[in-house]
Amino acid sequence: MPPMQLIVRLLSAMMAFLLGSQLAVCQASDYSFRHYTTDHGLSSDQTTCVFKDKQGYMWFGTVNGLNRFDGIEFKVYKRAKDGLPGNYIIGINQSPDGGLWISTHLGICRFNSASETFEPLPLPTQTDTRGDNDFVSGLVFDKEGYGWFASAEKLYRLHLQTRRLTTFPGISSDAHPLLMYLFADSQGQLWVMRAGALYRFNPDKALYTYVMGQDTQHPESQIHVASLYEDSQKTVWATTFEKGIMRYDTTKQCFVDEPDENTFVNTMVEDFLPDGKPVFWLGKSQKAAIYRPDSQQQTSFTYHIRDKLSHNGGDVIHLYRDGQTGIIWMATSRGIQKSDPFEIKFKRKLIPLPVDSTSTSEVLALYQNQVNRNLYWIGTTGSGLLEWNRRSNVFKSINGKENTPGRYISDVRQDLKGTLWVASEKGLYSCDPASNQWKHWNNPPATATGYSISTVFPDTKNRIWIGSSQDGVFLLNQETGKIQPWSLNEPLSIGNPLRVNAFEEDSLGRIWVSTSRGLFRIQVAQNRTEKIFLHSLDSQIQPSDRLQSSFKIDSKNRVWVSGIGFLAQADLNGRVNKTYTAENGLQADHVYSLEEDNSGGLWMSTDYLLHRLNLQTGEFTYFRKEHGLFANNADSQLRKDDKGELFIGFTAAFNHLVPEQLLYNKTPPPVVITGIKVDNKPRLPGTEHTLTIDAAENTLSVDFAVLSYHLAEKNQYRYMLEGLDDQWTKTENRNATYTNLAPGTYTFKVKAANSDGIWNEQGAALTIYKIPFFYQTWWFIILMVSVAAGILYGIYRYREANRLRLEAIRNRIATDLHDDMGSTLSSIRIFSDVVQNQIAPVQPEVIPILQRISSSATALSESMQDIIWTIQTKHDSLEDVVTRMREFGLKMAEAKQIDFRMQVSDTFHLTKFHVEHRRNLYLIFKESINNAVKYAQCTKITVDLAVTGKLLRLTIQDNGRGFDPATVRQGNGLQNLRKRAAEIKGQVTVHSAPGEGTKIELHTRITS
């Protein structure tokens, strides 16, 4: 092999190398692939390696950048903008301490996931003047936890905690200065590959031991090693250019050739079939393959222009198996592709197109050969009848032979004797399996519209029923060879055709016919045909008898009939027990075919999605192109083989699956927060998933993802911000935005479900601290409250000092009035009484004057006592006012022998009174009592004083002679009452009538 060609092939092969061994589950055959390219956001279609980190992200290396994938979006890291040492990614691996190590053509680095930065590891080769020796191999880890990698000239051992490097000499190779690649197996052996040759390395002796492959010392070897792999049984495998895969024999202490195809294999990875048997995926040039060690068989997957889910046609550089999900990831020269048993649920098969056919070829019918169950008959609209050998995957056309059907085949069946019956545009055909001879049965006599077969049905009595597309039902008499019509008692005409859609046979041997005019039931022995009318108990849903499109009798003798917008389940008498519409899960208007599986499900091919109805729960499951179907619209027949496998046809293709082997992803998916923006600027969270937002920052945006790679577009999300949201928000977007958050602590929570509806209830969380402005902080609020309290206290102290000063003045005035004015008035009254007694015998005419002087002095003294009582601060309570009022009232009433009663509310003694209120209230009371005693000629006075909150109500009522307010002259008494009431912002009302007494009411608000 020329040196330069070898270098190119080795570089391509060595990029495929990856270490480790993980378990997975795959389907038995017929794999499909989903592709990711630069059209989806990948930085380059030339991919080099694949890795999944412990958090759940997928990482893809390319020749132009590093890619992190969350199932929907790619995040690209490059040298210029992100600090990656180089854009050509050679290897990706994760150390036991969780560090992600990236090997490039310009060195190696560790990715810090918290800061999303790259931490380069300084190497001696980066400080020299050479530019061709900075390539670094992928990092591998030995049993002791050391990391190992190599350059073109040196071997390095890395102490992960200290980052200290120990250098070992490389393998001399004068011919080709190529990069060395390393592999560490589970037994502690370190393997080194260089230029296609394989060596074992002893670190203690720094010694390389040749194993195999061509090098300068062994030029005769015809083996070039591409990569190594260790399987679950700890067997080491080598992939080679010339020998395919080779297995290391521990007994012989050498690699032995595995009997595969002995073609170039770039990389390999182990997988497991549902029965537990191991298989190996092989990465090759322009294709992938599966090798089964037990049978030594190999199946290749290549590019097919008609199948968008076929292999992309690129070289498979690296294979990676995800042990948690069962996905096989492939790095190829045309992008990333994956084989996912949870996503691609249907096996896919393309039928060959005839060379001379220009029209499309629809697969209308598929039937398993009951004689040789490895063969299947396929009826198409353009390719005629095909025989498919499933084991060899070979299609054989049954066209061109004598008496064979034409190119349009609408139905295929087989009777109890093994005879094949075919409904064709040319009529009815049969084939004897013993002689393989075909026969064309003569068409019946001319009918109203001509003869065209839509379906054929052999019953359990081996009678052959024929359904016409326009003329109803026919029955074949195989002894006479005649096809006779069977009357459904329906008129036939050109403008009113009678199309037969399907035949079914119930457990009683009765033949059921679904037609364009409804449902009919035939009892052959009685020569009886009856029309079965569907009748629903629900008056709002009455299935039409003329718009039925599909029909099925299931294993429990339930009749299923579909029409436009409905699916009805009835008994054998036509009574509908259940109807399905868009309201309870039916997502299609037209159901074309029905088939029951072996696990309690009813399958429906429809104009939108393939439906499965769980007959126990009544719940629908839907399947679409993303699950591997060739189209979302399936209008062909559903057929089931003897093992319960379902088949459904499409344009030049068909899908098939075993419903009982459907895989559902029941593992709750990891949920991660992928990005944070504050005021539209990226922000990294702090330690322990925390984020601090400044007071002036108003907008918070959080991106999140669920790291489930099975139909990631169907993943579901719910999020909430604790401290703001009261309930979860359901969304299809992977972003949540909040604006103008109030200062405080919040917790953003997000949970998600995979495409099969399995929720991760724990999800991911982010604690958010919104910093307040200084005027929103607790210390500022306390300071402002303290200042306000200080000001209020100062005002209080000032007013209190004024109050005390005024009270002192009032008390001094009251004392002065009592001591000076009071004693003087008392002296006048006493002196006038003494003079009156002494002068009475001498000058009796002076006595009246002296009596007036004494009375005036007495009255003035009493008034002075009232003034003193009013001014004194110790009488500021309402209780003091009530006491004085009661004393005055009793004194006045007793003098006239009047019954005096006073009622006071219980809360009056708690009320403090302003001096003006106290004075005016007392004077209003005093004036009213004086008037009642002097003028009312009453025998009873009642006083009622009530306090409600700050409202005071005083009522004074007598049973005297009363007066007419309209005719009496208004004196000073009533005017004084109203004036005093106005001074305390109150109101006095007087109610009186001749002979009915007088009632005076005062309403006022108390001020202390």
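- Within an unreviewed UniProt entry, the label attached to the chain reads Two-component regulator propeller domain-containing protein, and the organism entered is Rhodocytophaga aerolata.

**Focus on the overall build of the chain**
Argument step 1. Secondary structure assignment for the chain yields seven helices and 71 strands.
Argument step 2. Expressed as a percentage of the 1008 residues in the chain, the buried residues total 51%.
Argument step 3. Taking all contacts inside the chain whose residues are at least 6 apart in sequence as the whole, residues at least 24 apart take part in 53%.
Argument step 4. By element, 50% of the accessible surface of the chain is carried by carbon and sulfur atoms, the whole surface being about 47,800 Å².

**Considering the sheet that holds strand E63 (residues 729–731)**
Argument step 1. Spatially, five strands are ordered E60-E66-E65-E62-E63 in an open sheet, and the strand pairing comes out mixed. Because the sheet does not close on itself, it has two edges, and the strands there are strand E60 (690–693) and E63. With direction set aside, neighbouring strand axes in the sheet form an average angle of 25°.
Argument step 2. When strand E65 (residues 744–753) meets strand E66 (residues 759–770), the two strands line up antiparallel, connected through nine bridges. Bridge assignment links lysine 749 to a residue of E66, and that residue is alanine 765.

**Here's the deal with the pairing of strand E35 (residues 420–424)**
Argument step 1. Counting buried residues in E35 gives five out of five residues, a clear majority hidden from the surface.
Argument step 2. The alternating pattern of E35 places Leu420, Val422 and Ser424 and Trp421 and Ala423 on opposite faces, both of which are buried.
Argument step 3. Examined bridge by bridge, strand E34 (residues 409–414) and E35 share five bridges and lie antiparallel to one another. Considered in E35, the bridge of glutamine 414 is made with leucine 420.
Argument step 4. Between E34 and the antiparallel strand that follows it, E35, lie five residues; glycine 418 among them carries a positive phi value of about 95°.

**A few points about the UniProt feature "transmembrane region" (unreviewed entry) in the chain**
Argument step 1. Annotation from UniProt places "transmembrane region" (unreviewed entry) at residues 778–796.
Argument step 2. Counted over residues 778–796, helix gives 100% and strand 0%. Its end C-alpha atoms are 26 Å apart.

**Remarks on the environment of leucine 684**
Argument step 1. Inspection of the secondary structure puts leucine 684 in the loop between strand E59 (681–682) and E60.
Argument step 2. Each C-alpha atom of the pair leucine 684 and threonine 674 lies 9.9 Å from the other, and the pair is ten residues apart in sequence.
Argument step 3. Contact partners of leucine 684, with chain neighbours within four places excluded, come to Ala114, Ser115, Glu116 and Leu691.

**So, the pattern of salt bridges**
Argument step 1. In total, this model carries 38 salt bridges according to the counting rule given.
Argument step 2. Note that glutamate 530 and arginine 521 form a salt bridge whose closest N and O atoms lie 2.7 Å from each other. The burial state of glutamate 530 is the same as that of arginine 521; both residues are buried.
Argument step 3. A cluster of three or more residues bridged by salt bridges with shared partners is formed by Arg34, Lys338, Asp340, Glu343 and Glu713.

**Some details on the sheet that holds strand E43 (residues 511–515)**
Argument step 1. Within the open sheet, the four strands sit side by side as E42-E43-E44-E45. Their pairing is antiparallel. Both edges of this open sheet fall to strand E42 (500–505) and strand E45 (528–532), since each of them pairs with a single strand only. Taken pair by pair, the neighbouring strands of this sheet meet at an average axis angle of 25°, ignoring direction.
Argument step 2. In terms of strand pairing, strand E44 (residues 518–523) meets E45 through five bridges, oriented antiparallel. Its bridge partner being in E45, isoleucine 522 is matched across the sheet by threonine 529.

**Points about the environment of leucine 691**
Argument step 1. Structurally, the position occupied by leucine 691 is in strand E60.
Argument step 2. Sequence-wise, leucine 691 and threonine 747 are 56 residues apart; in three dimensions their C-alpha atoms are separated by 9.8 Å.
Argument step 3. Excluding anything up to four places from it in sequence, leucine 691 contacts Ile676, Val678, Arg683, Leu684, Leu700, Leu766, Thr767, Ile768 and Tyr769.

Parameters and conventions
- Residues numbered from 1 in each chain as written.
- Predicted model: local features only at pLDDT ≥ 70, side-chain atom pairs only at ≥ 80, totals over all residues.
- Heavy atoms only, no water.
- Helix = DSSP H or I, 4+ residues; strand = E, 2+ residues; numbered from the N terminus.
- Buried < 20%, exposed > 50% of the residue type's maximum accessible area, 1.4 Å probe, protein only.
- Contact = heavy atoms within 4.5 Å.
- Areas by Shrake-Rupley, 256 points an atom, 1.4 Å probe, with all protein chains shown as cover.
- Pairing = 2+ DSSP bridges.
- Axes fitted to C-alpha atoms, helices over the stretch in contact; angles between N-to-C directions.
- UniProt positions renumbered as here; feature names shortened; annotations may be inferred.
- Salt bridge = Lys/Arg side-chain N within 4 Å of Asp/Glu carboxyl O.

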